[in-house]
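Spelled out, the chains give:
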Amino acid sequence: MAKLWAGRTAGVTDPVADDFNSSIRFDCKMYRQDIEGSMAHAAMLGAKGIISQQDAATLIDALQGILDDLNSGALEFDMACEDIHMFVEQVLTERVGDVGKKLHTARSRNDQVALDLRMYLRSETQEVIALVQELLAAITAQAEAHKASILPGYTHLQRAQPITFGHHLMAYAMMLLRDVDRLQDALKRLNVSPIGCCALAGTTYDTDRWMEAKQLGFDSVARNSLDGVSDRDFCVELLSGYAILMMHLSRLSEELILWSSWEFQFVSLSDAYTTGSSIMPQKKNPDMAELVRGKTGRVYGDLMALLTTLKGLPLAYNKDMQEDKEAIFDAVETVKMCLQVFAPMIATMTVRTDNMKKAAQTGFINATDLADYLVKKGLPFRSAYKISGQIVAKCIAEGKVLETLTLDEYKTFSDLFDEDLYPEIDLNTCVEKRSSEGGTSVQSVEAQIAYVKACLKS
Ligand code: ARG
C-alpha cells in the first residue's frame with residue numbers, strides 16, 4: 001500500500017526498508033498522548049476557524065472513539081503503519097472520511113512526536129517519583145525501627161566508628177530525596193509545549209499555540225520553532241536523573257548483597273526477594289539486588305546512547321531522533337521495575353542487630369573516642385591520637401579490646417587515664433555523643449527521619 005506521504009514519490013518502499021524505518025512497535029506506547037494531542041489540535045483548528053467547528057467536533061468525537069477502542073482492545077495497532085501518528089490518522093480517515101484528512105493542518109509529525117514524547121515522559125516520570133517516594137517510606141520505616149541499633153560504620157570498607165543502622169539507612173534516604181528533586185526539576189523544563197512549531201519554521205495559519213498548550217497541561221510554549229522540534233534536552237535530563245537514581249539503588253544493592261553474605265549476616269532478605277541455586281542446596285541468593293546493580297549499567301548505556309545520537313545533529317528534525325524513544329523507554333521501564341522490587345525488599349528484610357552488635361565489638365571502632373578522652377583531659381589531639389594508636393597495637397598483639405584493658409595497663413601509656421575512661425569508650429556513649437547535626441546519635445537520626453517525612457508530606 002502507498003504511504004500517507006505518497007506524492008512526490010510513489011510512496012512504495014522496500015519491505016526491508018519499511019521495517020527498518022518504522023517505529024510503531026515502540027511508539028505505540030504513546031497512543032494516548034498522540035490522540036489527546038490531536039484532540040487539542042482539532043479543538044484549536046475549530047476555535048480559530050481554520051476548519052469548521054463541525055469538522056472539529058467530528059474529529060474530536062472520532063478520536064475519542066479510537067482512544068476508547070484502543071483502551072478496550074477493540075482496535076489493534078496496524079504494524080504495517082510507519083508510526084503511531086500515521087496509524088491514528090489512517091484509522092481516523094477510515095472512520096470519518098475526508099474530514100479525517102483535515103487534522104494534520106498546521107501541524108507536522110516533527111512537532112507532534114516531540115509533543116507526544118513530552119507528555120508520555122511527564123506521566124511516566126510522575127510514576128517514577130511516586131515509586132521513589134514509596135521506597136523512601138520503606139527506608140525511613142526501617143531507619144525508625146533501627147535508630148538505636150549499633151553496627152560498625154566503615155570507610156575503605158574497614159571498621160571506622162560506631163553508627164546506628166538507622167543513620168546508615170537515612171544516608172540513602174537523602175540520596176533518594178535528591179533524586180526526587182532532580183526529576184521534579186527536569187519536569188519543569190520538560191513541560192513546555194512544542195506543538196505548533198510544525199515542521200521547523202512555524203506556520204502561515206493563524207494558530208493559537210497557547211490554547212493547545214494549556215489544554216494539554218503545559219506551562220508554556222517553545223519560543224523558537226526550530227528548537228521546539230529538535231530539542232531532546234528533556235530526554236537527556238531525565239535519563240541523567242534516572243542514571244543517578246540507579247547509581248544510588250546500585251550502591252544500596254551492593255551493601256545488601258554484602259550484608260546478606262555469610263561473612264556479614266547483618267540482614268536477611270525475605271525469601272520472596274531471593275532465589276536458590278540449581279545445584280547448591282544451601283544457597284539463598286540476593287538476585288533482585290544483583291539485578292538492580294546490573295541494570296544500572298543498562299540505564300547508563302541508554303543515557304550514553306542518546307547523548308551520542310544527538311551529538312552532531314544539524315537543526316532541525318532528523319530521523320536519527322527516532323532513536324530517542326527506545327533508549328528512554330528502556331530506561332524508564334527499567335527504573336520502574338527496579339523500584340517496584342526494591343521498596344518491598346527493604347520493607348520485608350530482617351535486620352540482624354545481634355550480628356551488627358557483635359561486629360561493632362571488635363575492630364577498635366571506639367579508638368577515636370579513646371583519643372578524644374585524652375584531648376578532653378588536656379592533651380593535644382595529635383599526641384592523643386599517637387598514644388591511642390599504640391594502645392590499639394598492644395591490644396592487637398595480645399588479642400584484647402579497649403574495653404578489657406586494665407586501668408594499670410592504660411596508665412603505662414599516660415597518667416591522664418582514670419576510671420571515667422570506661423563509660424567514655426562504651427559504644428552506646430560513642431553513638432550518643434555524636435549528636436552534632438546530621439550525626440549518628442538517636443536524636444540526630446530522629447531529626448533526619450522527621451525531615452524526610454516532612455519532605456514526603458509536602
Ligand atoms: N517516528 C518519527 C520519530 O519517532 C516521527 C517523526 C517523523 N518525522 C518525519 N519527518 N519523518 O521521530
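Residues numbered from 1 in each chain as written. Predicted model: local features only at pLDDT ≥ 70, side-chain atom pairs only at ≥ 80, totals over all residues. Heavy atoms only, no water.

A.B. asks: Quick question: what am I supposed to make of the pattern of salt bridges here?
C.D. replies: Close approach of charged atoms lets side chains of opposite charge pair. Across all of its chains, the model carries 31 salt bridges by this definition. Measuring nitrogen to oxygen at the nearest pair gives 3.1 Å for the salt bridge that ties Lys394 to Glu398. Note that Lys394 and Glu398 are positioned in helix H15 (residues 381-398) at a spacing of four residues, about one turn of the helix. Taken together, the shared-partner salt bridges in this structure form one network comprising Glu82, Asp83, Arg109 and Lys319. (Salt bridge = Lys/Arg side-chain N within 4 Å of Asp/Glu carboxyl O. Helix = DSSP H or I, 4+ residues; strand = E, 2+ residues; numbered from the N terminus.)

A.B. asks: Help me understand the packing of helix H11 (residues 287-310) against helix H12 (residues 323-348), please; the structure alone is not making it clear to me.
C.D. replies: To characterise two packed helices, one gives the angle between the axes of the helices and the distance between these axes. The N-to-C vectors of H11 and H12 enclose an angle of 160°; their axes lie 9 Å apart at closest approach. On the basis of the axis angle, H11 is roughly antiparallel to H12. Of the two elements, H11 crosses H12, and the hand of that crossing is left-handed. Only Glu323, Asp324, Ala327, Asp330, Ala331, Thr334, Val335, Met337, Cys338, Val341, Phe342 and Met345 of H12 make contact with H11, whose side of the interface consists of Met288, Ala289, Val292, Lys295, Arg298, Val299, Asp302, Leu306 and Thr309. (Axes fitted to C-alpha atoms, helices over the stretch in contact; angles between N-to-C directions. Parallel < 35°, antiparallel > 145°, perpendicular 65-115°, else oblique. Left-handed = near helix turned anticlockwise from the far one by under 90°. Contact = heavy atoms within 4.5 Å.)

A.B. asks: Where do I start with a nonpolar patch on the surface in this structure?
C.D. replies: Together, Leu200, Leu226 and Leu315 make up an exposed nonpolar region whose accessible area comes to about 270 Å². Assignment of secondary structure puts Leu315 in the loop between H11 and H12. For Leu315, a relative accessible area of 61% corresponds to the exposed category. (Patch = residues over 30% accessible without salt bridge, like charges linked within 9 Å, V, L, I, M, F, W, Y side chains within 5 Å. Areas by Shrake-Rupley, 256 points an atom, 1.4 Å probe, with all protein chains shown as cover. Buried < 20%, exposed > 50% of the residue type's maximum accessible area, 1.4 Å probe, protein only.)

A.B. asks: Any chance you could explain the site of the ligand here in plain terms?
C.D. replies: Around the ligand lies a shell formed by Ser23, Asp27, Asp83, His85, Arg109, Asn110, Val113, Tyr317, Gln322 and Lys325. Between the ligand and the protein, one listed contact pairs an oxygen atom with a side-chain N or O atom of Tyr317 at 2.4 Å. Separating an oxygen atom of the ligand from a side-chain N or O atom of Lys325 is a distance of 2.7 Å. About the coverage of the ligand: the protein hides 86% of its 350 Å² of free accessible area. (Near = heavy atom within 4 Å. Polar contact = N/O pair within 3.5 Å; in protein donor to acceptor, adjacent residues only side chain to side chain.)

A.B. asks: Would you take a moment to explain the nonpolar core for this structure?
C.D. replies: In this structure, Tyr242, Leu249 and Leu256 are the most contacted members of the largest nonpolar core, which totals 73 residues. Within the residue set of this core, elements represented by two or more residues are helix H6 (109-145), helix H7 (165-190), helix H10 (233-259), H11, H12, helix H13 (353-360) and helix H19 (442-457). When residues of this core are assigned to their parent elements, the largest contribution, 14 residues, is made by H10. Discounting chain neighbours no more than four positions away, the residues touching Leu256 are Val267, Leu269, Phe342, Met345, Ile346 and Met349. In terms of nonpolar packing, the next biggest core, distinct from the first, is built from 26 residues, Met39, Ala62, Leu63 and Leu70 among them. (Core = buried A, V, L, I, M, F, W, Y, C linked by side-chain atoms within 4.5 Å.)

A.B. asks: Sorry, what's going on with unusual backbone geometry here?
C.D. replies: Keep in mind that most residues, glycine aside, have a negative phi and that most peptide bonds are trans. Put simply, Leu315 and Ala316 share a cis peptide bond, and its omega is 0°. Residue placement: Ala316 occurs in the loop between H11 and H12. Backbone geometry places His156, a non-glycine residue, at a positive phi of 55°. Looking at where His156 falls in the secondary structure, it is placed in the loop between strand S1 (150-155) and strand S2 (158-164).

A.B. asks: Explain the side chain of Arg107 here, please?
C.D. replies: Along the chain, the position of Arg107 falls in the loop between helix H5 (84-96) and H6. There is no salt bridge for the buried Arg107, and the closest opposite charge comes from Glu89, which lies 5.0 Å off by N-O distance. Of the polar contacts made by the side chain of Arg107, one reaches the side chain of His104; its length is 3.2 Å. Among all residues touching Arg107, those that are not within four sequence positions of it are Ser38, His41, Gln112, Ile195 and Cys198. (Lys, Arg positive; Asp, Glu negative; His and termini not counted.)

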